[in-house]
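Each chain, letter by letter, is given below.
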Amino acid sequence: MRRARPGAPPRGTGERTLTSVGAGAGFEEREEAAADGEQRPQSPGDEAALSKLWHITLSVSGRAAPLKEVRRGLEQLAHDHPFLLTSRYADDHAEIRYWEEARDLHDAAAVALRLWGEHRSTSQLPPWEIVGLEVIDRETYHLRIAEGYGPPPAAPVGVHPF
């Protein structure tokens, strides 16, 4: 008898099975409210919270690796993680910027902290450590840009050397 989480792949396969989950009651109403720019109050018993967009900047660093391998790994990460905006890299460090949808800052940060480790083998990324993480909400990001400070807009999109 195999002991594992329900739905978990057998050990050593390295592949995950994705499962769809229903949107749940009230999804369309929340979508309409978000499109109108309003947030309808949630009832105390309603656990469904509206998610927000968070701008993530993840910095990684470690032992020097060949630039071609770093670039190829980041390009594969961008392919595997379609919301990746831009990556900048050198032989011993990289910065990845993207948008993440999450309920709150804690959820966005948790997902961001797992990104590098979860994609390290599939994207063949260098064995670097996360050395920095910035998570800001969409409004703060746009306020910083409007005031002329903060991270520059992520353009051009893609993988580029520092």
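If you're wondering where the values come from, they're calculated on a predicted model, not measured in any experiment. (Residues numbered from 1 in each chain as written. Predicted model: local features only at pLDDT ≥ 70, side-chain atom pairs only at ≥ 80, totals over all residues. Heavy atoms only, no water.)

### Observations regarding the confidence of the model for the protein chain
1) Next: Here the protein chain averages 77 in pLDDT, while 65% of its residues score no lower than 70.
2) Next: Averaged pLDDT values for the elements of the protein chain fall to 52 in helix 1 (residues 27-35) and rise to 96 in strand 4 (residues 129-137).
3) Next: Every residue in residues 1-5 is under pLDDT 50, and counting partners more than four places away or in other chains gives 3 contacts.
4) Next: Low pLDDT (under 50) marks residues 10-23, which in the prediction has 4 contacts with non-local residues, meaning those over four places away or in another chain. (pLDDT = per-residue confidence, 0-100. Helix = DSSP H or I, 4+ residues; strand = E, 2+ residues; numbered from the N terminus. Contact = heavy atoms within 4.5 Å.)

### Focus on the pattern of salt bridges
1) Next: For the structure on display, the rule yields 7 salt bridges.
2) Next: A salt bridge links R88 to E95; the nearest nitrogen and oxygen atoms lie 3.0 Å apart.
3) Next: Through salt bridges with shared partners, a single network forms among R103, D104 and D107. (Salt bridge = Lys/Arg side-chain N within 4 Å of Asp/Glu carboxyl O.)

### Here we look at the side chain of T57
1) Next: Counting through the fold element by element, T57 comes out in strand 1 (residues 52-61).
2) Next: Accessibility expressed as a relative area gives 10% for T57, which makes it buried. (Buried < 20%, exposed > 50% of the residue type's maximum accessible area, 1.4 Å probe, protein only.)

### Focus on unusual backbone geometry
1) Next: Despite not being glycine, Q124 shows a phi value in the positive range, around 55 degrees.
2) Next: Inspection of the secondary structure puts Q124 in the loop between helix 3 (105-119) and strand 4.

### With respect to the sheet that holds strand 1
Where strands meet in a sheet, backbone hydrogen bonds hold them as pairs that are either parallel or antiparallel.
1) Next: With mixed pairing, the 5 strands of this open sheet are ordered in space as 4-1-3-2-5. Unpaired on one side and paired on the other, strand 4 and strand 5 (158-161) mark the two borders of the sheet. Direction aside, the axes of adjacent strands within the sheet are offset by 15 degrees on average.
2) Next: Examined bridge by bridge, strand 2 (residues 84-89) and strand 5 share 4 bridges and lie parallel to one another. Residue pairing in the sheet places S87 in a bridge with V159 of strand 5. (Pairing = 2+ DSSP bridges. Axes fitted to C-alpha atoms, helices over the stretch in contact; angles between N-to-C directions.)

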